[in-house]
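Fold and contact review
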Amino acid sequence: KVAAEEAAWLWGQQLSNGAFAFYNSENGSVYINPYFSEIVAIALIRHDNSPNAKAAIENYFDWHFSHINTAEEDYNGLAGTIYDYDAVVKNGVVVSETSKNHYDSTDSYSALFVKALADYAKTYGDSSYILAHETQIRDIVNVMFATMGENGYTYAKPDYKICYLMDNAEVYAGLCAADYLYKNILGDAGMSAKINEAVAF
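The following paragraphs examine the structure supplied in this document. Model, not experiment: these values are computed from the prediction.

The rules behind these values
- Residues numbered from 1 in each chain as written.
- Predicted model: local features only at pLDDT ≥ 70, side-chain atom pairs only at ≥ 80, totals over all residues.
- Heavy atoms only, no water.
- Helix = DSSP H or I, 4+ residues; strand = E, 2+ residues; numbered from the N terminus.
- Expected span 1.5 Å × (residues − 1).
- Buried < 20%, exposed > 50% of the residue type's maximum accessible area, 1.4 Å probe, protein only.
- Contact = heavy atoms within 4.5 Å.
- Pairing = 2+ DSSP bridges.
- Axes fitted to C-alpha atoms, helices over the stretch in contact; angles between N-to-C directions.
- Core = buried A, V, L, I, M, F, W, Y, C linked by side-chain atoms within 4.5 Å.
- Phe/Tyr/Trp six-rings, centres within 6.5 Å; stacked < 30°, edge-to-face > 60°.
- Lys NZ or Arg CZ within 6 Å of the ring centre and 35° of its normal.

**Overview of helix α6 (residues 134-146)**
With 13 residues, α6 extends 18 Å from end C-alpha to end C-alpha; this agrees with the ideal 18 Å at 1.5 Å per step. Ile137, Ile140, Val141, Val143, Met144 and Phe145 are the residues of α6 that are buried. Here the buried face of α6 lies against α3 (53-66), α4 (107-124), α5 (127-132), α7 (165-186) and α8 (189-200).

Here it is, written out as structure tokens:
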């Protein structure tokens, strides 16, 4: 009962553009933090078997993929990252979005999105959606490696070289998820070997 109530509340945070807001509003400005949106997606994939869940999760993924930075767009020159956003909502419809040109981390944002994608593939058995975004997924996985130091742990982001236990736990989950995607759907032996080495560490 509690899980069902929480799932209903979380679905209520999904905006008309597919993103999950930190708090939704029928009118006004709302905040989109992809890190928390990914946690919402993971929770809903796991706990909500309603008929429309798969399409609604894809709507979120579509928003996320459409906001992935190129190396030129990212202020650290790193392809595959995503910024936080502000959106303006009028009568329940998003009328504008503004990038904050900022993220709290690159390692965790990337890791949790890859985990959400793997959970989606396992739950719904849809490999076609994953294959359609193969290039972007490769960039996102490589974001985790971009701040991996010689000691095998990741820094939070290129311009903030602090290793967090929480981030590295999330990166481990993200690497395990990437391992699943590459072994079962994407089939890139080179990436699989790279991922396996990091997972083993």
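The rest of the description comes next.
**Some points on the sheet that holds strand β2 (residues 85-90)**
As summarised here, the arrangement of the three strands in space is β1-β2-β3, forming an open sheet in which the pairing is antiparallel. If you trace the sheet from one side to the other, it starts and ends with β1 (28-32) and β3 (93-99), each paired once. Across the sheet, the mean angle separating the axes of adjacent strands is 30° when strand polarity is ignored. Relative to β2, β1 is paired through five bridges, and the arrangement is antiparallel. Paired with isoleucine 32 across the two strands is tyrosine 85, which belongs to β2.

**Considering the nonpolar core**
Counting residues in hydrophobic clusters, the biggest one holds 58 residues, and the most contacted among them are Phe61, Ile130, Val141 and Leu181. Per element, the largest residue contribution to this core is ten residues, and it comes from α4. Beyond its immediate chain neighbours, meaning those up to four positions away, phenylalanine 61 contacts Ile45, Phe113, Ala116, Leu117, Tyr120 and Tyr129.

**With respect to the packing of aromatic side chains**
Enumeration according to the criterion identifies 24 aromatic pairs in this entry. Relative to tyrosine 164, the ring of tyrosine 160 lies with its centre 6.4 Å away and its plane at 15°, an arrangement referred to as stacked. Taking the ring centre of tyrosine 180 as reference, the NZ or CZ of lysine 122 above it sits at 4.8 Å. Lying over the aromatic face of phenylalanine 145, lysine 194 brings its terminal NZ or CZ to 4.5 Å of the ring centre.

**Describing the side chain of threonine 106**
Take threonine 106: it is sitting in the loop between β3 and α4. Beyond its immediate stretch of four places on either side in the chain, threonine 106 contacts Leu78, Thr81, Val143, Thr147, Ala156, Lys157 and Pro158.

**Focus: the pairing of β3**
Bridge count for β2 against β3 is six bridges, and the pairing is antiparallel. What sits directly across from tyrosine 85, in β3, is serine 99. The hairpin formed by β2 and β3 contains two residues between the paired strands, and asparagine 91 there has a positive phi angle of roughly 50°.

Spatial relationships are all this shows, so hold off on functional conclusions.
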